[in-house]
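Chains, contacts and geometry: an overview
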Amino acid sequence: LTIVDIKAHDENGVTYQIEMQLVITAALTERILYTAADLYAEQLKEGKPYTSLKPLVSIWILLNKLLHDSPHVHHCFQMQDVRLQEGNLERVLLSKGMTIHTLELAKWSLGNQPYDDENRWLYFLKDAKSWTELPTELNSPIMNPLPTTTEGIGEFPWKCNDQGDLSVPSEDGNHAYILRKAA
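First things first, this report covers the structure right here in the doc. Values in this document were obtained by computation on a predicted structure and should not be read as measured data.

Reading guide: rules and limits
Residues numbered from 1 in each chain as written. Predicted model: local features only at pLDDT ≥ 70, side-chain atom pairs only at ≥ 80, totals over all residues. Heavy atoms only, no water. Helix = DSSP H or I, 4+ residues; strand = E, 2+ residues; numbered from the N terminus. Contact = heavy atoms within 4.5 Å. Salt bridge = Lys/Arg side-chain N within 4 Å of Asp/Glu carboxyl O. Buried < 20%, exposed > 50% of the residue type's maximum accessible area, 1.4 Å probe, protein only. Phe/Tyr/Trp six-rings, centres within 6.5 Å; stacked < 30°, edge-to-face > 60°. Patch = residues over 30% accessible without salt bridge, like charges linked within 9 Å, V, L, I, M, F, W, Y side chains within 5 Å. Areas by Shrake-Rupley, 256 points an atom, 1.4 Å probe, with all protein chains shown as cover. Polar contact = N/O pair within 3.5 Å; in protein donor to acceptor, adjacent residues only side chain to side chain. Expected span 1.5 Å × (residues − 1).

1. Here's the deal with the overall build of the chain
From N to C terminus, the chain includes 2 helices and 10 strands. Secondary structure of the chain in N-to-C order comes out as β-β-α-β-β-β-β-β-α-β-β-β. Here the analysis covers contacts within the chain between residues at least 6 apart in sequence; of these, 47% occur between residues at least 24 apart.

2. Considerations on the pattern of salt bridges
Scanning the entire structure with this criterion turns up 5 salt bridges. Residue glutamate 42 pairs with lysine 7 through a salt bridge whose shortest N-O separation is 2.4 Å. Separated by 35 residues along the polypeptide, glutamate 42 in the loop between α1 (28-41) and β3 (56-62) and lysine 7 in strand β1 (residues 6-9) bring together distant segments of the chain. According to the relative accessible area criterion, glutamate 42 is partly exposed, its value standing at 29%. The partner of arginine 31 in a salt bridge is glutamate 19, with the nearest N and O atoms 3.9 Å apart. On the criterion of sequence distance, the pair formed by arginine 31 in helix α1 and glutamate 19 in strand β2 (residues 15-21) is long-range, its members being 12 residues apart.

3. A look at the packing of aromatic side chains
Here a ring pair, both rings aromatic, is described through the centre-centre distance and the interplanar angle of the planes. Summed over the entire model, instances satisfying the criterion amount to 5 aromatic pairs. Relative to tyrosine 123, the ring of tyrosine 115 has its centre 6.4 Å away and its plane inclined at 50°; by these criteria the two rings are tilted. Overall, the relative accessible area of 30% leaves tyrosine 115 in the partly exposed class. You can call tyrosine 123 buried: its relative accessible area is 10%. Between the aromatic rings of tryptophan 121 and phenylalanine 124, the centroid separation amounts to 5.8 Å while the plane-to-plane angle is 90°, which identifies the pairing as edge-to-face. On the criterion of helical spacing, the pair formed by tryptophan 121 and phenylalanine 124 is a turn pair, its members being 3 residues apart in helix α2 (residues 117-127). A residue is classified by how much of its surface remains accessible, and phenylalanine 124, at 13% relative accessible area, is buried. Feature note: the residues Trp108, Tyr115, Trp121, Tyr123, Phe124 and Trp131 constitute an aromatic cluster, connected by ring pairs.

4. Looking at a nonpolar patch on the surface
Taken together, the side chains of Met20, Leu22, Val23 and Leu63 present a nonpolar region at the surface, about 360 Å² in accessible area. The class of valine 23 is exposed, set by a relative accessible area of 52%.

5. Structural notes on the side chain of threonine 99
Among the secondary structure elements, threonine 99 is positioned in strand β7 (residues 98-104). Threonine 99 gets classed as buried once you look at its relative accessible area, which sits at 9%. Leaving out residues up to four positions away in the same chain, threonine 99 has contacts with Leu56, Val57, Ser58, Cys76, Phe77 and Gln78.

6. A short note on the side chain of asparagine 119
Note on placement: asparagine 119 falls in helix α2. Side-chain polar atoms of asparagine 119 contact the side chain of tryptophan 108, separated by 2.7 Å. Setting aside anything within four residues of it in sequence, one finds asparagine 119 in contact with Trp108, Gln113 and Pro114.

7. Here we look at α2
Buried residues of α2: Asn119, Arg120, Leu122, Tyr123 and Phe124, and no others. On its buried side, α2 packs onto β7.

8. Things to note about α1
Here α1 contains 14 residues, and its C-alpha end-to-end distance of 20 Å stays within 8% of the 20 Å for a straight helix at 1.5 Å per residue. Listed in full, the buried residues belonging to α1 are Leu28, Ile32, Thr35, Ala36, Asp38, Leu39 and Tyr40. Taken together, the buried residues of α1 touch β1, β2, β3 and β7.

Below, the structure is given as structure tokens:
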């Protein structure tokens, strides 16, 4: 049994695991691999073919630095063979079955970053706790689920129905269900 912060499936059966980690422990990389592998493997029930496995996307939002040798905020890990072939880097992907993303918020700063979708979310994840209103730079369709003010943001304005479906408040006050509870 693996306990995660958020686990959801989309309409194609892809499993999403989202973790928010405030403290970086010595064994966190092993924990990241273990939880992703466990969630991927739990799909395969006795007698089912391996072809029934659906992709797993694991997203780890980290308050502090994990990969000190890299200046990058966002890493995307997949199972692949990487080698230098005649001066060119060659990558051969073994499988799209498991993808692990890490977002190290301590490495991110607004600076002169473009306001693309990824930077908007990083900006929100890192700085929203100190806002009273959402900055106009976050005005984008990708950010539509967010309220226009941060009043009550710590209360998590999303709703969960009896079946475990997660919904995001819409501007008209209705709720559109966007994530289905994992079975």
